[in-house]
Amino acid sequence: MTERNRLTPFSRRRFLATSAMGALATGLVGLPRAARADGPLRVAGIYTVPVEQQWVSRIHVAALAAQERGDITYTYSENTSNTDYSRVMREYAEGGYDLIIGEIFGVEAEAREVAAEYPDTALLMGSSFKEDPALPNLAVFDNYIQDAAYLSGIIAGAMTKTGNIGMVGGFPIPEVNRLKHAFMAGAREMNPDIRFQVSFIGSWFDPPKAKETAYAMIENGADILYAERFGVSDAAKEKGLLAIGNVIDTQSDYPDTVVASAIWHFEPTLDKAIAEVKAGTFTAADYGVYSFMKEGGCSLAPLGTFEGKVPQAALDLVAARTAAIMDGSYVVEINDEEPKSS
Amino acid sequence: MDILDILLSASFWAAAIRIASPLIFATMGELICERAGVLNLGIEGIMVAGAFAGWIAVWAGLPLWGGVAVAMLVGMGFGLIHSILSVPFGLSQHVVGVGLTLLATALTFYTYRVVLPEVSSPPKIQAFQVYEVPFLSELPLIGPALFSQTPLTYAAFILAGLTAYVLYRTPLGLAVRAAGENPSAVAAQGLSVTAVRMGAVIVGSGFMAVGGAFLTMSAFDSFFFDMVNGRGWICIALVVFGAWRPGKALLGAVLFAAFDAFQIRLQQTPIGAVLPYQVFLMMPYFLSILALVVMSRRAEVPAALMVAFNKGER
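These numbers come from a predicted model, not from an experiment.

Reading the values: rules and limits
Residues numbered from 1 in each chain as written. Chains lettered and ligands numbered in written order. Predicted model: local features only at pLDDT ≥ 70, side-chain atom pairs only at ≥ 80, totals over all residues. Heavy atoms only, no water. Core = buried A, V, L, I, M, F, W, Y, C linked by side-chain atoms within 4.5 Å. Buried < 20%, exposed > 50% of the residue type's maximum accessible area, 1.4 Å probe, protein only. Domains from an automatic or database assignment. Contact = heavy atoms within 4.5 Å. Helix = DSSP H or I, 4+ residues; strand = E, 2+ residues; numbered from the N terminus. Buried area = accessible area lost by both parts, 1.4 Å probe. Salt bridge = Lys/Arg side-chain N within 4 Å of Asp/Glu carboxyl O. Polar contact = N/O pair within 3.5 Å; in protein donor to acceptor, adjacent residues only side chain to side chain. Patch = residues over 30% accessible without salt bridge, like charges linked within 9 Å, V, L, I, M, F, W, Y side chains within 5 Å. Areas by Shrake-Rupley, 256 points an atom, 1.4 Å probe, with all protein chains shown as cover. Phe/Tyr/Trp six-rings, centres within 6.5 Å; stacked < 30°, edge-to-face > 60°. Lys NZ or Arg CZ within 6 Å of the ring centre and 35° of its normal.

Report on the nonpolar core, specifying residues and quantitative values.
Residues Leu99, Ile101, Leu124, Ile155, Ile165 and Leu270 of chain A together with Phe223 of chain B are the most contacted members of the largest nonpolar core, which totals 162 residues. Here this core gathers at least three residues from each of two domains, domain 1 (15–141) and domain 2 (146–264 + 295–327) of chain A. Sequence-distant contacts of Ile155 of chain A, defined by excluding residues within four places in its chain, comprise Val259, Ala260, Leu300, Leu303, Val310 and Val318 of chain A.

How would you sum up the environment of Leu107 of chain B? Please name residues and give values.
Positionally, Leu107 of chain B belongs in helix α5 (residues 93–115). Here the alpha-carbon distance between Leu107 of chain B and Val48 of chain B, two residues 59 residues apart in the chain, equals 9.9 Å.

An account of the domain arrangement of chain A is requested, with residue identities and associated values reported.
Residue and element names in this part refer to chain A. We note that the domain assignment places domain 1 (15–141) and domain 2 (146–264 + 295–327) within chain A. Computed from C-alpha atoms alone, the centre-to-centre distance between domain 1 and domain 2 is 33 Å. With ten residues of domain 1 at the contact, the number on the domain 2 side is twelve residues. Taking both partners together, domain 1 and domain 2 bury about 940 Å²; carbon and sulfur atoms supply 66% of that area. Three residues, Gln54, Trp55 and Arg58, lead the burial of domain 1 against domain 2; their summed loss comes to 65% of the area buried on that side. Seen at the junction of domain 1 and domain 2, the total is zero salt bridges. The interface formed by domain 1 and domain 2 contains three residue pairs in polar contact (both at pLDDT 80 or more). Per element, the largest residue contribution to the side of domain 1 that touches domain 2 is five residues, and it comes from helix α2 (residues 54–69).

Go over a nonpolar patch on the surface with me, naming the residues and quoting the values.
Residues and elements named next belong to chain B. A surface patch of nonpolar side chains, amounting to about 750 Å² of accessible area, comprises Ile3, Leu7, Ile271, Val274, Leu275, Val279, Met282, Phe286 and Leu290. Elements with a contribution of two residues or more to the nonpolar patch: α1 (3–8), α13 (270–274) and α14 (277–295). The biggest single contributor to the nonpolar patch is α14, with four residues.

Describe the packing of aromatic side chains, naming the residues involved and giving the relevant values.
Applying the stated criterion across every chain, the model contains 31 aromatic pairs over all chains. Ring geometry for Trp264 of chain A against Phe266 of chain A: centres 5.5 Å apart, planes inclined by 75°, an arrangement best described as edge-to-face. In terms of burial, Trp264 of chain A and Phe266 of chain A fall into one category: buried. Measuring from ring centre to ring centre gives 5.7 Å for Trp55 of chain B and Phe223 of chain B, while their planes differ by 25°; the resulting arrangement is stacked. Residue Trp55 of chain B is found in helix α3 (residues 43–59), and its partner Phe223 of chain B is found in the loop between α10 (193–219) and α11 (231–241); the two are separated by 168 residues along the sequence. Residue classification places Phe223 of chain B among the buried positions, given a relative accessible area of 2%. Aromatic rings pair up to connect Phe52, Trp55, Phe109, Tyr112, Phe223 and Phe225 of chain B into one cluster. Over the ring of Tyr330 of chain A we find Arg321 of chain A; its NZ or CZ atom is 4.5 Å from the centre of that ring.

Next up, the structure:
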């Protein structure tokens, strides 16, 4: 008897769940499949952090712009934990979305399993690994903005008086490493003897810790900080020193601190993927190249408040190298090794 | 920098005290709960909620201390939920605590998104500034380390002293300690074990939330979702490290923070070029475990910790 009593509410719940799923299926899958031919693409974003946070914000902004143009309709899930990531991927794939964008740095293997299960859904994912021809529906990208990072390094190299630059990072993953190396290469163009202090804090969003690490570097002689993490520019501001931004332009928050920033533009990457999906030619590829400066994937932020305060020699070199990068005669080295203090 | 230079520099000790401050608040909060017999694993989530509540209150126009009060109240609110479930209902304190952490973090993000639906980056507030204590801040080494901090850091140390005083020198403290050791004795005195334990959990949770608020209102001036970053769990360990005594727990917090400040600086010495950075990040935890092994041999666990009390039951 007890067994039976227990079953009753369960089956009611199951009934509700099934009917809800049915409603979802007709609402989500039924209609757009027909519209897929030439209407806007249905794009979903899955992010592990809130959409205003640095790296993800660039993707979000590009997707909103594409929606504004009428190329896509866009929805997203933010702050999705890695443990939940594949479930959300499946949900959007089941929902009939044409293209899913996101970041699988923390779920590389699992996300590939999901990709294999939904061969009709195009996936454009930030990843530390290369594309896999066996998974033709999964293309990878990353912010290959070493060109802009290199240019920001030239400015930092010209602005440091102590010849000592502090670099606080989250984790030494390829994306972080290659930008740091490019930045260091740029700085050495102006002064080959610059000393670099490199630290990792083992966390992406722990500004108090990043700030403490930056303080320690300042005590140790750094007068310019490479602000890969939030909190670093704050330390520089408090101590009256300078900082170089990364991925986004934060000069408006730190007008007397942030000299230059290497900005990432996700638009070329996303627009390429949209075009490929629309043409039916989307396939496994590395979209990293669309973050190169040549493709419009990155740029050096305008000097803004630091207009006229950066030595002319540095600006001349920046201009020369920008032209050379654009015409392909100069290639910034891509080095994914973990950088070390020098 | 040489290792000895690091240990003798005032800036190193100032950093240690700064890093310790949020831990001191939350450790005292946890200690109060546990002395009354309730393990509060909601600490991590309560710190997240406190970090958000204090910051958003100041952003909305309250003065800084008003923000601290809001954080404390929010923490007490979560403490109330915890205490109702764990004390009169006598539910598993592990499940209640972890559940509360999940609830508090999720609710925080929900509130964040409702209040700030579209922002390009989380807004900044005017955080607590350093207040140099007259005369004392001019002392060598301990001046800059102890007396050139933000007011919230001073409050953390005052709280530790106050906790010790109340626990060991007042009838209230006796009742709290007895509730954690031998609740029947409290009941025999005609006091309500339920009231004492609930009160301790509510107040303790309030202090945890202030620990979280320290991060957004003193250590930094904005809120990021993951910024508490496990500090709450460290405080659980610090309570054990401190053998459930406020003085020792305070010492443990400062020691842990000093290890952290030390490893940050050690990364920039010649050793840093040889060892992988993970070894340094691991150091505070590793050394704390080592210290725990030594310290905890004579620790006295509250006898009724995690034991639900049912009135009249033998």
